[in-house]
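Observations on chain architecture
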Amino acid sequence: MQYSDSNLDATNLDPDDWASFSTLAHTMLDDMLEYLQTVRDRPVWSPLTDKMKKTVREPLPQHPQNREEIYQMFKNNVLPYPPGNIHPRFWGWVNGAGSPFGMLAELAAAAMNSNNGGRDHMPKYVEEEVINWAKQLMGFPQTSSGILTSGCSEANLIGLTIARNVKAGVDVREVGLQQVPQQLRIYTSTAMHSSIQKACEVIGLGNAALQRIPITDTYQINLTALTAAINNDRENGLLPIAVVANVGTVNTGAIDPLEKIAKLCQQENLWLHVDGAFGAMTAISSRYSRLVKGLELADSLAFDFHKWMSIPFAVGCLLVKNEQDHFNSFNLRPSYLSEATRGLAAGGRWPTDYGIQLSKGFSALKIWFMLKENGVENYDRVVTKNILQAQYFAKLIEQDEFIELLAPVALNVVCFRFTHPQLQDLNAFNQELVIRIQESGIAVPSSVMLGDIFSLRIAITNHRSTFADFDIFYNIILKLGIDLLQQINKTL
Ligand SMILES: *Cc1c(COP(=O)(O)O)cnc(C)c1O
């Protein structure tokens, strides 16, 4: 590449022609708004051909390309093929549906391009306020601390790091786990989320340190077994340090008995961490908040803003009851980051003092925008609606002769399968069925194994879903189920 130093001064990454840039910007904004307004008219998800996947393969761009053409490429080849979670009939895994005002917040946050790791500027104070609001939502005292994270996986990781550091009995930050006299143990149920295992692996405890306690027939942790495991481990010279309670298990939406677990943790001097990725949001429902009574008893509580709150991806949160414990686990300021009383390096404690990231986006702004836009009131309605929709759908299938409910509906998750006396291998049949439903573009459920049983599963964290959407879903399950049954009968 040829250039002379003399023309470098005029080079930057901004547009040369702001007027034509503005035209493109407005076109894009209009397109995105229309895209969101018409989401219901498109398939939830469309399978991709290899040819489509190749449309984004190209050599590393060496030369500047035309912005209009870049945008057209995106509009033609990427935008029409989303993962589907903004659609009203997407209930796979656990996702969030996003929001138009959240999108605008992303635009504004990107314009400021604020590094929210620290320093003294308004975005930092917006973040502090959002965390204060989160404390109020979850019943945590204002003296507790919090951190916005990339999601609940990171929030679980930070929470368990603090638990380990507080309870290990040695200065783990200094000596690691090399000098821990007793092996550490963490307890959770077999219905835990995989991010709890990952956290145990990452913080050096290892998967084997995570004791999976059996669940009851309501998919909640078996307290008798939990108590027995703790006692047994103590007798064998191990050191129990924490219990992870699941509030809204990913498989069935079950909620562990928080108050009883909290009492046990207090008796046993164990850290109580709650994984409430989506379930913690039940606290916002005036009708159902009783289901998650005791959230405020946690030493640390992890949850997501990007799931049930529909804040655009990706943002989660960890709240910690004892601010000093939180700070002690993560504060680390070399001289170039040292705190000042005046100037830009002021601002007291920074987000980086409470987490892993130094540089950090302004994800607080989309929460700030959307909580103000909707108030607790609208969120109360959405969460309550989704829970009622789960009950509605469960009723629909319970009265159907071909569809079987597979787990109690504790919250917003429904597990079910298609059955028929002629079918030999129900697991294989339902595996094919879930794919066919997804490929139909009409709805997106996902699946889970409940013991040996392959289950279709929906997790309803979608503000756009209507009750009628569940009628449509029910009909397509029946239609595709019966089609598949006939196809199998023909080949027999
Ligand atoms: C989604 C989920 C997580 C992980 O959260 P991410 O935001 O995807 O990192 C953890 N626990 C439960 C119960 C979840 O549903």
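See above for the structure.
No experiment lies behind these values; they were computed from the predicted model shown. (Residues numbered from 1 in each chain as written. Predicted model: local features only at pLDDT ≥ 70, side-chain atom pairs only at ≥ 80, totals over all residues. Heavy atoms only, no water.)

1. So, the nonpolar core
Burial of nonpolar side chains together is a common tendency in soluble globular proteins. In this structure, Met138, Phe303 and Phe305 are the most contacted members of the largest nonpolar core, which totals 66 residues. With 9 residues, the single largest contributor to this core is helix α12 (residues 364–398). Excluding residues that lie within four positions of it along the chain, Phe303 makes contacts with Ala134, Met138, Cys152, Gly276, Ala277, Ala280, Met281, Gly316, Cys317 and Leu319. Leu160, Ile196, Leu205 and Ile241 belong to the second largest nonpolar core, which has 33 residues in total. (Core = buried A, V, L, I, M, F, W, Y, C linked by side-chain atoms within 4.5 Å. Buried < 20%, exposed > 50% of the residue type's maximum accessible area, 1.4 Å probe, protein only. Helix = DSSP H or I, 4+ residues; strand = E, 2+ residues; numbered from the N terminus. Contact = heavy atoms within 4.5 Å.)

2. Overview of the sheet that holds strand β4 (residues 239–246)
Pairing is mixed in the open sheet, where 7 strands are placed in the order β1-β7-β6-β5-β4-β2-β3. Every other strand in the sheet has two partners, leaving β1 (145–149) and β3 (210–213) as the edge strands with one partner each. If you compare each strand with its neighbour and ignore which way they point, the axes differ by 20 degrees on average. Strand direction decides the pairing type here: strand β5 (residues 271–275) and strand β6 (residues 300–304), joined by 3 bridges, are parallel. Each bridged residue has a counterpart across the sheet, and for His273 the counterpart in β6 is Ser300. The sheet strands contacting helix α10 (residues 258–268) are β4 and β5, and the helix crosses β5 at an angle near 155 degrees. (Pairing = 2+ DSSP bridges. Axes fitted to C-alpha atoms, helices over the stretch in contact; angles between N-to-C directions.)

3. Here we look at the site of the ligand
With respect to spatial proximity, 15 residues lie near the ligand, and among them Ser153, Asp275, Asp304, His306 and Lys307 are the closest. Interatomic distance of 2.9 Å between a backbone N/O atom of Cys152 and an oxygen atom of the ligand. Protein contacts shield 84% of the accessible area of the ligand, which totals 380 Å² for the unbound molecule. Per-class residue counts for the shell around the ligand are 5 nonpolar, 7 polar and 3 charged. (Near = heavy atom within 4 Å. Polar contact = N/O pair within 3.5 Å; in protein donor to acceptor, adjacent residues only side chain to side chain. Areas by Shrake-Rupley, 256 points an atom, 1.4 Å probe, with all protein chains shown as cover. Nonpolar A, V, L, I, M, F, W, Y, C, P; charged D, E, K, R; others polar.)

4. Observations regarding helix α5 (residues 122–138)
With 17 residues, α5 ought to run about 24 Å at 1.5 Å a step, and its terminal C-alpha atoms sit 25 Å apart, in line with that. Three or more residues of α5 are buried, namely Pro123, Lys124, Val126, Glu127, Val130, Ile131, Asn132, Ala134, Lys135, Leu137 and Met138. The elements touched by buried residues of α5 are α4 (100–112), β1, β6, β7 (316–320) and α12. Remark: Gly139 follows α5 within two positions and exhibits a positive phi of approximately 75 degrees. (Expected span 1.5 Å × (residues − 1).)

5. A word on the packing of aromatic side chains
Counting across every chain of the model gives 17 aromatic pairs. Seen in terms of ring centroids, Trp91 and Phe470 are 4.3 Å apart; in terms of plane orientation they differ by 15 degrees. Their pairing is stacked. Of this pair, Trp91 sits in the loop between α3 (67–77) and α4 while Phe470 sits in helix α14 (residues 467–491), placing them 379 residues apart in sequence. Relative accessible area serves as the criterion here: at 0%, Trp91 is assigned to the buried category. Judged by its relative accessible area of 0%, Phe470 is buried. Note on Tyr392 and Phe467: the rings are 5.4 Å apart at their centroids and 85 degrees apart in plane angle, and the pair reads as edge-to-face. Linking Tyr392 in helix α12 with Phe467 in helix α14, this pair joins segments that are 75 residues apart in sequence. Of the residues examined, Phe467 reaches a relative accessible area of 34% and is grouped as partly exposed. Aromatic ring contacts, followed pair by pair, group Trp91, Phe393, Phe416, Phe470 and Phe473 into a single cluster. Above the face of the Trp350 ring, Arg119 is positioned so that its terminal group lies 5.7 Å from the ring centre. (Phe/Tyr/Trp six-rings, centres within 6.5 Å; stacked < 30°, edge-to-face > 60°. Lys NZ or Arg CZ within 6 Å of the ring centre and 35° of its normal.)

Scope: geometric values only; no functional claims are made or implied.
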